[in-house]
Amino acid sequence: MKVAVLYGGTSSERPVSLVSGEAAITALREKGHDVTPVDVGPDLIVTIQALRAAKPDVVFNALHGPLGEDGAIQGVLEWLGLPYTHSGIRASAVAMNKEATRLLLASAGLPVAPGKVVSMTELEAADPLPTPYVVKPIAEGSSVGVEIIREGDNRRAEIARNWRFGTEALVEQFIPGRELTTAVMGDRALALTDILPAENAGFYDFDAKYKAGGSRHVLPADVPLAVTEKALDIALRAHQVLGCRGASRTDFRYDDTQDQLIILEVNTQPGLTPTSLLPEQAAYCGISYPELCDWMINEALKH
Ligand SMILES: Nc1ncnc2c1ncn2[C@@H]1O[C@H](COP(=O)(O)OP(=O)(O)OP(=O)(O)O)[C@@H](O)[C@H]1O
Ligand SMILES: C[C@@H](N)C(=O)O
Ligand SMILES: [Mg+2]
Ligand SMILES: [Mg+2]
């Protein structure tokens with residue numbers, strides 16, 4: 001098949017998308033596809049011209065973050081009449097917005113952390129929640145901009161003054177315990193990974209995600225079977241409630257003292273890098289990286 005791979009993009013996750021895209025390009029070529037890489041930059045017309053010239057049967061979307069994961073590029077591809085991998089406009093737009101996701105998941109009875117949206121003026125003035133709490137951009141990924149405010153931390157006002165992610169932020173109660181994640185491929189939740197950030201990482205931040213040795217993955221997670229089953233069920237339901245297509249990945253915190261699984265978010269364009277979690281879970285289920293990419297384009301062609 002003729003496949004155009006969109007990668008790079010203009011979000012703060014551009015470096016991650018370049019790695020996801022390069023890995024997908026290699027894998028799709030290995031599967032015998034005729035691949036045209038399209039490095040997406042700030043000029044949309046250039047991307048459209050590259051797609052017109054490539055005349056692909058299908059577009060493999062390896063973008064992450066705003067404009068690549070939030071419905072924007074999906075809308076362009078709809079206009080061009082090109083089938084594309086992963087979620088469509090609505091699911092992408094909702095899932096990239098963590099507050100919209102929280103509202104939709106909660107309305108379906110799925111567990112999210114207590115939290116709210118605050119303005120930077122409010123955050124600068126006072127603690128919006130009892131410590132510890134988390135401040136995060138409403139629409140970012142790869143832990144960009146995420147801050148954990150613990151008791152005695154005096155960075156709150158400074159964080160509010162230097163905020164680069166719009167006029168508001170999402171604040172959530174800090175959920176102690178473990179860092180778990182489950183990927184979904186279509187109607188199948190794959191597995192549960194327990195992520196252990198390296199000792200020197202404060203939490204599962206950008207470096208812990210992508211630097212060699214930044215974190216250790218325990219797959220399958222060493223938790224009671226009932227917790228694994230519950231996480232897989234919740235991840236599949238979250239995928240369905242949001243109307244996701246193809247693959248997604250739902251991130252959790254698991255407070256083992258309360259036996260409480262909390263959804264942090266649903267990623268509609270999960271990372272495809274060497275340290276990423278969806279490819280690792282797929283491999284655990286017997287699906288190689290090239291097979292995963294091949295499955296994604298076949299799913300795209302069903303719609
Ligand atoms: N309420 C919370 N309680 C505890 N830790 C949290 C909370 N919210 C976020 N975190 C920490 O911050 C990390 C990033 O948060 P989240 O998954 O919401 O953001 P993201 O930037 O979209 O990540 P991704 O790279 O998965 O797209 C989490 O994996 C977790 O370590
Ligand atoms: C790419 C990154 N946002 C992920 O979810 O894997
Ligand atoms: Mg995310
Ligand atoms: Mg996450």
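You'll find the chain entered in an unreviewed UniProt entry as D-alanine--D-alanine ligase, with Neokomagataea tanensis NBRC 106556 given as the organism. Database annotation for the chain, UniProt heading Sequence similarities (unreviewed entry): "Belongs to the D-alanine--D-alanine ligase family." Listed in UniProt under the heading Function (unreviewed entry), the comment for the chain reads: "Cell wall formation."

Turning to the coordination of the magnesium ion (ligand 4), a few remarks are in order. Within the first shell, the magnesium ion (ligand 4) binds the protein through D251 (OD) and E265 (OE), at distances of 2.0 Å. Separation of the magnesium ion (ligand 4) from the magnesium ion (ligand 3) amounts to 3.8 Å, with E265 serving as a shared donor to the pair. Here the residue D251 occupies a position in strand β12 (residues 247-255), and E265 occupies one in strand β13 (residues 260-267), the gap between them amounting to 14 residues. Both residues of the pair, D251 and E265, belong to the buried class.

Below, the discussion takes up the packing of aromatic side chains. For any pair of aromatic rings, geometry is given as the distance between the ring centres together with the angle between the planes. A complete count under the given rule lists two aromatic pairs for this structure. Positioned above the aromatic ring of Y204 is the side chain of K209, whose terminal nitrogen or guanidinium carbon lies 5.0 Å from the ring centre.

Before going further, it helps to spend a moment on the site of ligand 1. The immediate surroundings of ligand 1 are formed by 22 residues, with K98, S142, S143, E179 and K209 found nearest. Contact distances for ligand 1 include 2.9 Å between an oxygen atom and a side-chain N or O atom of R249. Within the side chain of D251, one N or O atom sits 2.8 Å away from an oxygen atom of ligand 1. About the coverage of ligand 1: the protein hides 97% of its 620 Å² of free accessible area. At the level of elements, β5 (133-136), β7 (168-173), β12 and β13 are the ones that each hand at least two residues to the shell around ligand 1.

It is the contact of helix α5 (residues 98-107) with helix α9 (residues 225-242), at a shortest axis distance of 10 Å, that shows an interaxial angle of 110 degrees. As summarised for this structure, α5 and α9 are arranged roughly perpendicular, according to the angle between their axes. Of the two elements, α5 crosses α9, and the hand of that crossing is right-handed. Where α5 approaches α9, its residues T101, L104 and L105 are matched on the opposing element by A238, V241 and L242.

Residue position: V218 is located in strand β11 (residues 215-218). Each C-alpha atom of the pair V218 and H64 lies 25 Å from the other, and the pair is 154 residues apart in sequence. In this view, V218 contacts L192, T193, D194 and L196; residues no more than four positions away in its chain are not counted.

Turning to α5, its buried residues are K98, E99, T101, R102 and L105. For α5, the angular spread of buried residues about the axis comes to 155 degrees, placing them on one side. Relative to its buried face, α5 has exposed residues pointing more than 90 degrees away, namely L103 and S107. Those residues of α5 hidden inside the fold are in contact with α4 (89-96), β4 (115-119), β5, β7, α9 and β13. Positive phi shows up at G109, right after α5, with a value of about 80 degrees.

Next up on the list: the UniProt feature "domain: ATP-grasp" (unreviewed entry) in the chain. UniProt records the feature "domain: ATP-grasp" (unreviewed entry) for residues 102-298 in the present numbering. Within the segment residues 102-298, helix and strand shares are 30% and 27% respectively, and the terminal C-alpha atoms sit 30 Å apart.

Using the criterion set out here, one finds 16 salt bridges in the structure. In this structure, the salt-bridge partner of E265 is K98, at a minimum N-O distance of 3.5 Å. In this pair, E265 is assigned in strand β13 and K98 in helix α5, connecting sequence segments 167 residues apart. Considered together, E265 and K98 belong to a single accessibility category, that of buried residues. Among the salt bridges present, the one from R237 reaches D233, with a minimum N-O distance of 3.4 Å.

One open sheet accounts for three strands, arranged β2-β1-β3; its pairing is parallel. Looking at which strands have only one partner, the edges of the open sheet turn out to be β2 (34-40) and β3 (58-61). Within this sheet the neighbouring strands show an average axis-to-axis angle of 25 degrees, counted without direction. Its contacts with the sheet put helix α11 (residues 289-300) on β1 (2-8) and β3, and the angle it makes with β3 is roughly 130 degrees.

This next bit is on the side chain of T273. Considering the arrangement of structural elements, one finds T273 in the loop between β13 and α10 (277-284). Ignoring any residue separated from it by four or fewer positions in sequence, one finds T273 in contact with V16, V19, S20, Y210 and P279.

About the cut-offs
- Residues numbered from 1 in each chain as written.
- Chains lettered and ligands numbered in written order.
- Predicted model: local features only at pLDDT ≥ 70, side-chain atom pairs only at ≥ 80, totals over all residues.
- Heavy atoms only, no water.
- UniProt positions renumbered as here; feature names shortened; annotations may be inferred.
- Donors = N, O, S within 2.8 Å, 3.2 Å for Na, K, Ca; no water.
- Helix = DSSP H or I, 4+ residues; strand = E, 2+ residues; numbered from the N terminus.
- Buried < 20%, exposed > 50% of the residue type's maximum accessible area, 1.4 Å probe, protein only.
- Phe/Tyr/Trp six-rings, centres within 6.5 Å; stacked < 30°, edge-to-face > 60°.
- Lys NZ or Arg CZ within 6 Å of the ring centre and 35° of its normal.
- Near = heavy atom within 4 Å.
- Polar contact = N/O pair within 3.5 Å; in protein donor to acceptor, adjacent residues only side chain to side chain.
- Areas by Shrake-Rupley, 256 points an atom, 1.4 Å probe, with all protein chains shown as cover.
- Axes fitted to C-alpha atoms, helices over the stretch in contact; angles between N-to-C directions.
- Parallel < 35°, antiparallel > 145°, perpendicular 65-115°, else oblique.
- Left-handed = near helix turned anticlockwise from the far one by under 90°.
- Contact = heavy atoms within 4.5 Å.
- Arc of directions from axis to C-beta.
- Salt bridge = Lys/Arg side-chain N within 4 Å of Asp/Glu carboxyl O.
- Pairing = 2+ DSSP bridges.

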